[in-house]
Amino acid sequence: MNKKDVDDIVDTAVNRLKDKYTPQGMQLDLIKLENGYKRFDPQRGMEYMLDLKLKVTTSDGTTDLR
């Protein structure tokens, strides 16, 4: 797996989170990828586990989440 593959996976994950939480008034920004791995499940295909550090901004303020 190369850097471009990792960047694509992280971008997809962050975009899905944004699609889910932006309508609820949250703005998500990626700070960094802390950790991650992939594994192959023969029935479902490739799975990716990501530990992302995100900055979440709401009307109440800003918080860093992991």
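Residues numbered from 1 in each chain as written. Predicted model: local features only at pLDDT ≥ 70, side-chain atom pairs only at ≥ 80, totals over all residues. Heavy atoms only, no water.

With respect to the pairing of strand S3 (residues 61-65)
Okay, step 1: As paired elements, strand S2 (residues 45-58) and S3 share five bridges and run antiparallel to each other. Looking across to S3, one finds that Lys55 is bridged to Asp64.
Okay, step 2: The hairpin turn running from S2 into S3, its antiparallel successor, is two residues long. (Pairing = 2+ DSSP bridges. Helix = DSSP H or I, 4+ residues; strand = E, 2+ residues; numbered from the N terminus.)

Some words on the pattern of salt bridges
Okay, step 1: Taken as a whole and judged by the stated rule, the model has seven salt bridges.
Okay, step 2: In this structure, the salt-bridge partner of Asp41 is Arg44, at a minimum N-O distance of 3.2 Å.
Okay, step 3: Looking at Arg44, the relative accessible area reads 64%, which means it is exposed.
Okay, step 4: The partner of Arg66 in a salt bridge is Asp51, with the nearest N and O atoms 2.5 Å apart. Separated by 15 residues along the polypeptide, Arg66 in the segment after S3 and Asp51 in strand S2 bring together distant segments of the chain.
Okay, step 5: What makes Arg66 exposed here is its relative accessible area of 66%.
Okay, step 6: Among the charged side chains, a network of salt bridges with common partners joins Arg39, Asp41, Arg44 and Glu47. (Salt bridge = Lys/Arg side-chain N within 4 Å of Asp/Glu carboxyl O. Buried < 20%, exposed > 50% of the residue type's maximum accessible area, 1.4 Å probe, protein only.)

Some remarks on the side chain of Glu47
Okay, step 1: With respect to the helices and strands, Glu47 occurs in strand S2.
Okay, step 2: Side-chain polar atoms of Glu47 contact the side chain of Arg39, separated by 2.7 Å.
Okay, step 3: Only 2.6 Å separates the side chain of Glu47 from the side chain of Arg44, close enough to count as a polar contact.
Okay, step 4: Aside from chain neighbours lying at most four places away, what touches Glu47 is Tyr37, Lys38, Arg39 and Asp41. (Polar contact = N/O pair within 3.5 Å; in protein donor to acceptor, adjacent residues only side chain to side chain. Contact = heavy atoms within 4.5 Å.)

Quick look at the sheet that holds S2
Okay, step 1: Taken together, three strands build an open sheet; the order of strands is S1-S2-S3 and the sheet is antiparallel. Each having just a single partner strand, strand S1 (27-41) and S3 make up the two edges of the open sheet. Recorded for the sheet is a direction-independent mean angle of 20 degrees between the axes of neighbouring strands.
Okay, step 2: Across 13 bridges, the pairing between S1 and S2 is antiparallel. Note that in S2 the partner of Lys32 across the bridge is Lys53.
Okay, step 3: Along the sheet, helix H1 (residues 3-21) contacts S1 and S2; its crossing angle with S2, the most-contacted strand, is approximately 55 degrees. (Axes fitted to C-alpha atoms, helices over the stretch in contact; angles between N-to-C directions.)

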